Amino acid sequence: MARIPGVGDSLGPYRITRQLGAGGMGVVFEAVEEGLGRRVALKVLAVQLAEEPEFRSRFLREATVLARSDSPHIIQVYSHGEHDGVLYLATQFVPGGDLAARVASDGLPPADSALDLAAQVASALADAHAVGVVHRDVKPHNVLLRAGQDQVHAYLCDFGIARDDESSLTSSGVVAGTYAYLAPERFRGEPATAASDIYALGCLVWFLLTGRAPYDGGPVQLATQHEFSPIPQLPGAPAQLNAFLQRAMAKDPAARHPSAGAAAAHLRAIRAAGGLPSGQFVAPPQPPVPSYPSSAGSAGSYPPAPPTSPIPSVGSHPSAPSYQSAPSTASVPQAPPPQPVPRPAPHPTPLMPPGRDEPRRRTGLVAALVVLAVLLGVGGGVGWSLLRDDGKGDGSAGDGGDSPSAAGSATGGSSPGSSDSPRSAGAPGPVDGPIAPADVNGDGFDDTILLDDLDDETVVLLSDPRSQSGFGAQQRWSTSAYGDALVVRGDFNGDGWADLALAEPGVVRVAASNGVRFRKATPWASPDLPATFKVTAGDFDADGRDDLAFLTGAGTGAISIEVALSSGSAFRTPESWAGIDGWTFENMRIGAADVDGDGRADLVEMGQPGRGIDIRVFRSDGDLFEGNALWFEEPDWAWDRTRISLGDVDADGDADVVALRDVGGLEVDTLLSDGSGAFTADDFAIAVTDLAFDRTRSVAGDTDGDGTTDLVLVDRNTAEARRYARTSDGFTETGSTSVDAHVDEDGSILVGVSR
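Just so it is clear, the model here is predicted, and its values are computed rather than measured.

A.B. asks: Got a minute to help me understand the overall build of the chain in this structure?
C.D. replies: Secondary structure summary: the chain contains 10 helices and 35 strands in total. On the chain, roughly 26,300 Å² of surface is accessible, and the fraction owed to carbon and sulfur atoms is 50%.

Quick look at the structure:
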């Protein structure tokens, strides 16, 4: 008969060294993988449950869910299997213990660090939701902690009761989850959704700031409070923090953040705005349990939703990944914008199930619901002092970002937000990934921005991976196409939305996004630029705000590259970061991207060396460009018949090159960065035979939030936008839509990171 092993036993290749915890579903051990000497957390399913098909399926699903995620904030699964009738799952061992145990032993973290941890959990949820997985049991016990360089790194674990969009392993009428963190619709038997995970995230934020869950009591009392009690607020807290709680814990799922990536960005924006206390908040008294509403109230109705305000996004979208602890120096817009343009709610507002039309009856039902036990991963602890932002800037807006955001475990690449591809712990890096973001509305998906000179307006073609075409609504975001200015995109104020920088010889203006439109452009700098120059945007100093680099030297036989760093509300005076004699301005095209994965954008240049093309990289060290290095050359490519875009097409955190070439028809080639000194062509070049090179415009961005850069091609002959998603087999056309703008005019352009 199968039995749970013990300390000293072996299970498959794992030798058990100690027991970490136990619960109704089984036991968690610390073990060592023979041959590798690797410590793992070994979860073993209870024998009686392993014999039940439903629990067996759920356990195996956890392995599948975790194995298909490469999120830096989701516990990594190493292997799973069955040995002598015992099911086991071997995962990454996290030595810092869980969040609940840490708070119990060390007390609450400072408010700024608490929001940092919550943002990391939100990033994990964004990554899980990106692959269609809802966690269903977000709580402090399921957040594991590991000491990193100047921060504590958070991992979300225990997807054992999670479900994806195509399966439901919980018996009818049984709610999976923990009552203190359970969304009100879940108590009524509604299915778990990404919105219910966001509600639990809001409850987790309350716990991190106060040391307790927002509501207390038995199942019936908790169900009543989650449904009918006012959303708790913190006395003396910044308005943005209470607004986050109002939004995340809204009774109506449709009134919550549109995505976990948007919630993560909102938390980052609160930290960036400053004003958080150095100590802990004083929690208000626990609210009394409300009385049931009268039968006159309609079943399934909700109290009025909190006012809707735009929520900054993680350019990272749902799949990328991760949150970096950065100095809180970004400028965050304070004035509320116009009412946002309606977008499809990610989850429909749930209605009360048939036959449950009286509040007393459905609340009474809660007492009979069964909560599934969840195994915990536990281990040693480290002090909260590791969470402090020692050595950072003072957090005042406009300090210029002299302290790069190197303190956190930085990542790039956007995930379902930010999206973000993992990088090594402690490396500096922008929140939004290797290239400047194009997500204008904070939903975690990069959008397509077009300047229509004929109608003098800026058009945004929103991305929507839920639609068949991959595109959503087309909207007018400004009644200007900005004349003769060179327009590039980037998050220049650090609020998470993509803005527009409008560069002219004597002035640089910024038209900042507020989530529903571009605000009126305001001057940010008065640089002394020549009449002819080129400009690109990227975060060259890794402070979370995109900067501008200018290439000058037309007609001189020498070039200069000057960088204007952003302070969040202005650009500094441009300073020389590189200069070269003997180079020809007219034979150079520039872009900006983090090609080596160190968190700082580098300047990428495609030149015409005489025959063919070469691509050189000016690597940023945060203060200047370290010379230049040849990363790619191809004598058979025609310089004037090649255009390049930059993006992370393989989600490894290093920006790559996507080249459009005229070979009689249009060809798309991909040059992958090795992170250290070379771009190498992959084997997945595609031919788009019905598009002409001269009549096609392109822009790169992560349009579906999976962490890989996609390509949007606009055919000027047909005014059609086509989306090409990056897959393991290269770029594949996944949808198209008509563009209601004058794309056939020579002056109309797609806005990218370079002009």
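That shown, we press on.
A.B. asks: Is there a simple way to explain the environment of Ala564 in this structure?
C.D. replies: Along the chain, Ala564 turns up in strand S20 (residues 558-564). For the pair Ala564 and Phe540, spaced 24 residues apart in sequence, the C-alpha separation works out to 9.5 Å.

A.B. asks: Whenever I open this one, a negative patch on the surface confuses me. Can you help?
C.D. replies: Residues Asp453, Asp455, Asp456, Asp484, Asp740, Asp744 and Glu745 make up a contiguous surface patch of negative charge. Structurally, Asp740 can be placed in the loop between strand S34 (730-738) and strand S35 (749-750).

A.B. asks: What am I meant to see in the confidence of the model for the chain here?
C.D. replies: Close inspection of predicted coordinates is inappropriate for parts of the model with low pLDDT. Summary statistics for the chain give a mean pLDDT of 77 and a share of 76% for residues scoring 70 or more. In the model, residues 161-176 has pLDDT below 50 throughout and makes 46 contacts with residues more than four positions away in sequence or in other chains. Below pLDDT 50 for its whole length, residues 292-432 participates in 469 contacts with residues either more than four positions away or in separate chains.

A.B. asks: Even after reading the chapter, I still don't get the pattern of salt bridges, so can you show me in this structure?
C.D. replies: Close approach of charged atoms allows side chains with opposite charge to pair. Scanning the model with the defined rule gives 25 salt bridges in all. Residues Asp596 and Arg619 are paired through a salt bridge, measuring 2.9 Å at the closest nitrogen-oxygen approach. With a gap of 23 residues between them, Asp596 in the loop between strand S22 (588-593) and strand S23 (602-607) and Arg619 in the loop between strand S24 (613-618) and strand S25 (629-634) connect regions that are remote in the sequence. Owing to a relative accessible area of 13%, Asp596 belongs among the buried residues under this scheme. Of the charged contacts in the structure, one is a salt bridge between Arg722 and Asp690, with a shortest N-O distance of 2.6 Å. Placement of Arg722 in strand S33 (residues 720-727) and of Asp690 in the loop between strand S30 (686-688) and strand S31 (696-701) is noted, with a sequence separation of 32 residues between them. We classify Arg722 as buried; its relative accessible area is 8%.

A.B. asks: Would you take a moment to explain the packing of aromatic side chains for this structure?
C.D. replies: The geometry of an aromatic ring pair is captured by two quantities: the separation of the ring centres and the angle between the planes. As enumerated under the stated definition, the model contains 13 aromatic pairs in all. When the centroid spacing of 5.5 Å and the interplanar angle of 40° are considered together, the rings of Tyr179 and Phe187 count as tilted. As far as the burial class goes, Tyr179 and Phe187 line up, both buried. Ring plane angle 80° and centroid distance 6.1 Å describe the contact between Trp583 and Phe618, whose orientation is recorded as edge-to-face. You can see Trp583 sitting in the loop between strand S21 (575-581) and S22 and its partner Phe618 sitting in strand S24, a full 35 residues away along the chain. A relative accessible area of 1% places Phe618 in the buried class. Aromatic rings pair up to connect Phe540, Trp577, Trp583, Phe618 and Phe625 into one cluster.

Parameters at a glance
- Residues numbered from 1 in each chain as written.
- Predicted model: local features only at pLDDT ≥ 70, side-chain atom pairs only at ≥ 80, totals over all residues.
- Heavy atoms only, no water.
- Helix = DSSP H or I, 4+ residues; strand = E, 2+ residues; numbered from the N terminus.
- Areas by Shrake-Rupley, 256 points an atom, 1.4 Å probe, with all protein chains shown as cover.
- Patch = residues over 30% accessible without salt bridge, like charges linked within 9 Å, V, L, I, M, F, W, Y side chains within 5 Å.
- Salt bridge = Lys/Arg side-chain N within 4 Å of Asp/Glu carboxyl O.
- Lys, Arg positive; Asp, Glu negative; His and termini not counted.
- Charge placed at Lys NZ, Arg CZ, Asp CG, Glu CD.
- pLDDT = per-residue confidence, 0-100.
- Contact = heavy atoms within 4.5 Å.
- Buried < 20%, exposed > 50% of the residue type's maximum accessible area, 1.4 Å probe, protein only.
- Phe/Tyr/Trp six-rings, centres within 6.5 Å; stacked < 30°, edge-to-face > 60°.

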